[in-house]
Amino acid sequence: MLDVQSGAAAGTTGAAADTDVRDDAGPPDTGARVPWLPYALVAVALCGLYFLYSWVQYERFRTPSWDLGIFEQSVRAYAELRAPVVDIKGPGFLILGDHFSPVTALLAPLYWIWSSPLALLFAQAALFAASAAVVGRTAHQVLGSCAAGLGIAVAYGLSWGLQEAVKSDFHEIAFAVPLLALTCRALLLSRWTAAAAWAAPLVLVKEDMGLTVAMVGAVLFLRGRRRLGAALAGFGVGAFALTVLVLIPAASRVGQYDYWAKIEKSSAGTDVSLADALLGSLGSDVKWEMVLFLVGITGFLALRSPLMLLVLPTLGWRFVSQDPNHWGMLWHYSAILMPVVFLALVDGVRAVRTSPRPWLVSYGKVVVPVVTAVAIVLALDLPLRGLLSAETYRTDVRTQDARRAVEAVPDGSSVETNVTLMAHLTADHTVYWVGGAKGVSPEYLALDLASGWSQPVTDPVLLASQLHPEARYEVAARAGQFVVLRRA
């Protein structure tokens, strides 16, 4: 647990304790004696690995979903000082009516320098890597060992949650990861006001993060900072309610928060009560496997820390969700849990040092190298392993065909496309999702006939006539499994 050193706390008055930035009962602040350089070097190495993986994936047209295209359109709009309209979600669709993530506007200055989807991928790599430096240096500071700090930094940087997020291209949670690392660091060092200050901006990352902010308030309350904790918890719950009940519906065309349906509707479209969703979640092997790996990568010692309360909101909505994409270890949803569980591990190691159980004290002395070794072994079966294969960098025929298809769509034109080509067209085209351009007849359709997100297309001209009966399209270019149609 977050240790209380009673001797230092004896002379602290209640009023002073509630207003101090740092609790005198907490561990000594040795930040001045902990170097930055080793952790900066680890961060640079991780940033290089993350971005290299993302760059190769992008250049080889292996983008796994439409999200990179969506965020590219929204950040480009912010950079051009426009409302964040994302035509991929529908013509004129205001993205704040889908998820509330105004934090992505911070990337606009980067777009003024580097106007490319690769800029988003680099920003995410840098944010993830920076969080590794925070986690590692905090471990060094709390545990008093550079070896422990570097081991934790490496284990964290190679963790499955971060690697799967890198594989999933860019998402707004890239901002939440370092913010949570800094929040947990402040809690471990008893810097209560700093913890609240780092946690509060999370409400601008995504609407559900308000509940995580409320949990930070709960931890502060449990640590005796009742006024600050209650205020932060109230702020988090209020921000969550404001975004899902007022702000998102106000920006949405349908006047509601669409993602309630992820809980209320099964994959077959039938109604699901909250009770059924809760009961059903308890019987899911996939969900419990995710939890097992979440705490297992810390040698289960993270469970000794109250910081683990911070994972409950995210795990909660994922457990009751009816969308299978939310359940397991894939995609980006677990990335925000990684800084919490690894710094909870640090807290757990510190706590067991004074345990009356000798076996637990002994376990605490070896758990960090064990966790590091396990992380390295697990990494051999995770996405970054692909960087060791020559096949990863090879430009195959499919990649060449995809490039020809992109080149066949004139700059500045409107185009309807599916996932494979999408992020390569958003920079200089008005891009729509296949089937999502109702009321619009785009000048071009650029299709991957074998896209994994849709049924294989055997007759692209027929598909174009079904999507847009008011217009006529003809084949303008073919390249392998890609075809470009032009409006006649």
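You'll find the structure just up there.
Residues numbered from 1 in each chain as written. Predicted model: local features only at pLDDT ≥ 70, side-chain atom pairs only at ≥ 80, totals over all residues. Heavy atoms only, no water.

A. Inspection of a nonpolar patch on the surface at higher detail. Together, Leu 81, Trp 112, Ile 113, Trp 114 and Phe 122 make up a nonpolar patch on the protein surface, roughly 630 Å² of accessible area in all. Looking at the element boundaries, Trp 114 is found in the loop between helix 5 (108-113) and helix 6 (117-143). (Patch = residues over 30% accessible without salt bridge, like charges linked within 9 Å, V, L, I, M, F, W, Y side chains within 5 Å. Areas by Shrake-Rupley, 256 points an atom, 1.4 Å probe, with all protein chains shown as cover. Salt bridge = Lys/Arg side-chain N within 4 Å of Asp/Glu carboxyl O. Helix = DSSP H or I, 4+ residues; strand = E, 2+ residues; numbered from the N terminus.)

B. Highlighting the pattern of salt bridges. Taken as a whole and assessed by the stated rule, the structure comprises eight salt bridges. Note that Asp 98 is salt-bridged to Lys 89, the shortest N-O span being 3.6 Å. Exposure remark for Asp 98: the relative accessible area of 8% places this residue in the buried category. Across the pair Glu 474 and Arg 486 runs a salt bridge, and its minimum N-O distance is 3.4 Å. Taken together, the residues Glu 474 in strand 4 (residues 473-479) and Arg 486 in strand 5 (residues 482-487) connect sequence positions twelve residues apart. Given a relative accessible area of 31%, Glu 474 falls into the partly exposed group. (Buried < 20%, exposed > 50% of the residue type's maximum accessible area, 1.4 Å probe, protein only.)

C. Fine view of the layout of surface pockets. Its boundaries defined by the atoms lining it, the largest pocket holds a volume of some 860 Å³. Lining the largest pocket are 37 residues; nearest its centre among them are His 99, Lys 206, Tyr 259, His 326 and Tyr 333. Looking at the lining of the largest pocket, the element that brings in the most residues is helix 4 (residues 67-79), giving five residues. Its residues placed into classes, the lining of the largest pocket shows 18 nonpolar, ten polar and nine charged. By volume, the second largest pocket amounts to about 200 Å³. Lining the second largest pocket are 15 residues, and of these Trp 288, Val 291, Leu 312, Leu 315 and Phe 319 sit closest to its centre. For the lining of the second largest pocket, the secondary structure elements donating two or more residues are helix 14 (274-282), helix 15 (285-296) and helix 16 (312-320). Take the lining of the second largest pocket: its biggest share by element is five residues, from helix 16. Partitioned by chemical class, the residues of the lining of the second largest pocket number 13 nonpolar, two polar and no charged. (1 Å grid on protein atoms, 1.4 Å probe; cavity = no way out; pocket = protein on both sides within 12 Å on 5 of 7 lines; lining within 4 Å. Points joined across faces, edges and corners; volume = space filled by probe spheres on them. Nonpolar A, V, L, I, M, F, W, Y, C, P; charged D, E, K, R; others polar.)

D. Broad picture of empty space enclosed by the protein. All chains considered together, the criterion is met by two cavities of 30 Å³ or more. Looking at the largest cavity, its volume works out to about 70 Å³. Along the walls of the largest cavity sit Ile 173, Lys 206, Asp 208, Met 209, Thr 314, Trp 317, His 332, Tyr 333 and Ile 336, which together make up its complete lining. Residues that form the lining of the largest cavity fall into these classes: five nonpolar, two polar and two charged. In this structure, the second largest cavity occupies an estimated 40 Å³ of space. Ala 155, Leu 158, Ser 159, Trp 160, Ile 297, Phe 342, Ala 375, Leu 378 and Leu 382 together form the lining of the second largest cavity. Its residues assigned to classes, the lining of the second largest cavity comprises eight nonpolar, one polar and no charged.

E. Molecular detail of the packing of aromatic side chains. Across all of its chains, the model carries eleven aromatic pairs by this definition. An angle of 90 degrees between the planes, with centres 5.5 Å apart, marks the rings of Phe 51 and Phe 122 as edge-to-face. In this pair, Phe 51 sits in helix 3 (residues 37-59) while Phe 122 sits in helix 6, placing the two residues 71 residues apart along the sequence. The exposure class of Phe 51 is buried, given its relative accessible area of 19%. Considering the side-chain rings of Trp 66 and Trp 433, the 5.2 Å spacing of their centres and the 65 degrees angle between planes classify their relative orientation as edge-to-face. Of the two residues, Trp 66 is situated in the loop between helix 3 and helix 4 and Trp 433 in strand 2 (residues 430-433); the sequence distance between them amounts to 367 residues. The two residues Trp 66 and Trp 433 agree in class, both being buried. Sitting over the ring of Phe 93, Lys 89 keeps its end group 5.9 Å from the ring centre. (Phe/Tyr/Trp six-rings, centres within 6.5 Å; stacked < 30°, edge-to-face > 60°. Lys NZ or Arg CZ within 6 Å of the ring centre and 35° of its normal.)

F. A look at unusual backbone geometry. One non-glycine residue, Asp 169, adopts positive backbone phi at about 65 degrees. Along the chain, the position of Asp 169 falls in the loop between helix 8 (160-167) and helix 9 (173-188). Of note, Ser 190 is a non-glycine position whose phi angle comes to about 60 degrees, a positive value. The exposure class of Ser 190 is buried, given its relative accessible area of 2%.

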